[in-house]
Amino acid sequence: MRNHILFVDDDPFIGFLIQHGLKKKFELTSCTNGLQAIDWFEKGHQPDLIITDLNMPLVTGQALIERIRSSSRGQQIPILVVSANTDNIVRNYCQELGANDFIGKPFSLKELILRINRQLQSTPIA
């Protein structure tokens, strides 16, 4: 069975790259903002990993991380931040909120897949 990834980013180009780069290895659900992702998650869907941008309309990636981590179902889901904002203060804040990893844009698909696999392998079995 393939791992299910929730991907959240408002940039259609990044969404296209992720969809085509990951669809052979993973089952993907894409949302274009944090509000859609929260709605999807709160309907009972359970991804194995979440990839999120930070700067999005309606609900930011930081707010999405907080919301996911506040749920008992979301405490063990690895969260990978992919953002053009690579400032150390932003990185540290995301980690404080509960992000497991952070990749700066631009990124290589190979690096993203390696980081996804690392997070999925280190996730405890519930």
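Figured I'd write up the structure that's included with this text. (Residues numbered from 1 in each chain as written. Predicted model: local features only at pLDDT ≥ 70, side-chain atom pairs only at ≥ 80, totals over all residues. Heavy atoms only, no water.)

Points about helix 4 (residues 88-97)
Rule in force here: Relative accessibility thresholds used throughout: buried, under 20% of the residue-type maximum; exposed, over 50%; partly exposed, between the two (1.4 Å probe, protein chains only). For helices the rule is a DSSP run of H or I covering at least 4 residues; for strands it is a run of E covering at least 2, with both sets numbered from the N terminus onward. Think of it as the arc spanned by the lines of direction from the helix axis to the C-beta atoms. By the convention used here, residues are in contact when the closest approach between their heavy atoms is within 4.5 Å.
For helix 4, every residue scored as buried is listed here: V90, C94 and L97. Seen from one end, helix 4 has its buried residues packed into an arc of 60°, which puts them on one side. Facing away from the buried side of helix 4 by over 90 degrees, the exposed positions are N88, I89 and E96. Looking at the packing, one finds that the buried side of helix 4 touches helix 3 (61-70), strand 4 (79-83) and strand 5 (101-104). Positive backbone phi, at 125°, marks G98, one or two positions downstream of helix 4.

Concerning the sheet that holds strand 4
Short version of the rule: Here, any two strands with at least 2 DSSP bridges between them count as paired. Where helices are involved, their axes are fitted lines through C-alpha atoms of the stretch in contact, as for all axes, and angles between N-to-C directions lie from 0 to 180°.
Ordered by their spatial adjacency, five strands build an open sheet running 2-1-3-4-5, and the pairing between neighbours is parallel. In the strand order of this sheet, the two ends are held by strand 2 (27-31) and strand 5, each with one partner. The sheet shows a mean angle of 20° between the axes of neighbouring strands, taken without regard to direction. Sheet topology places strand 3 (residues 49-52) next to strand 4; three bridges connect them, and they run parallel. Note on strand 4: the bridge partner recorded for I50 is I79. Sitting on the sheet, helix 2 (residues 34-42) is in contact with strand 1 (4-8) and strand 2, with an inclination near 150° to strand 1. Relative to the sheet, helix 5 (residues 109-122) contacts strand 1, strand 3, strand 4 and strand 5, its axis offset from that of strand 5 by approximately 180°.

Side note on the pattern of salt bridges
As a reminder of what qualifies: We count a salt bridge whenever a side-chain nitrogen from Lys or Arg sits within 4 Å of a carboxyl oxygen from Asp or Glu.
Under the defined criterion, the tally for this structure stands at six salt bridges. One salt bridge connects R67 with E42, and the closest N-O pair in it is separated by 3.0 Å. Of this pair, R67 sits in helix 3 while E42 sits in helix 2; the two residues are 25 residues apart in sequence, bridging distant segments of the chain. Here D101 makes a salt bridge to R115, at a shortest N to O gap of 2.8 Å. Highlighted residues: D101 in strand 5 and R115 in helix 5, separated in sequence by 14 residues. Judged by its relative accessible area of 14%, D101 is buried. The class for R115 is buried, based on a relative accessible area of 17%. One connected set of salt bridges, linked through shared partners, spans D9, D53 and K105.

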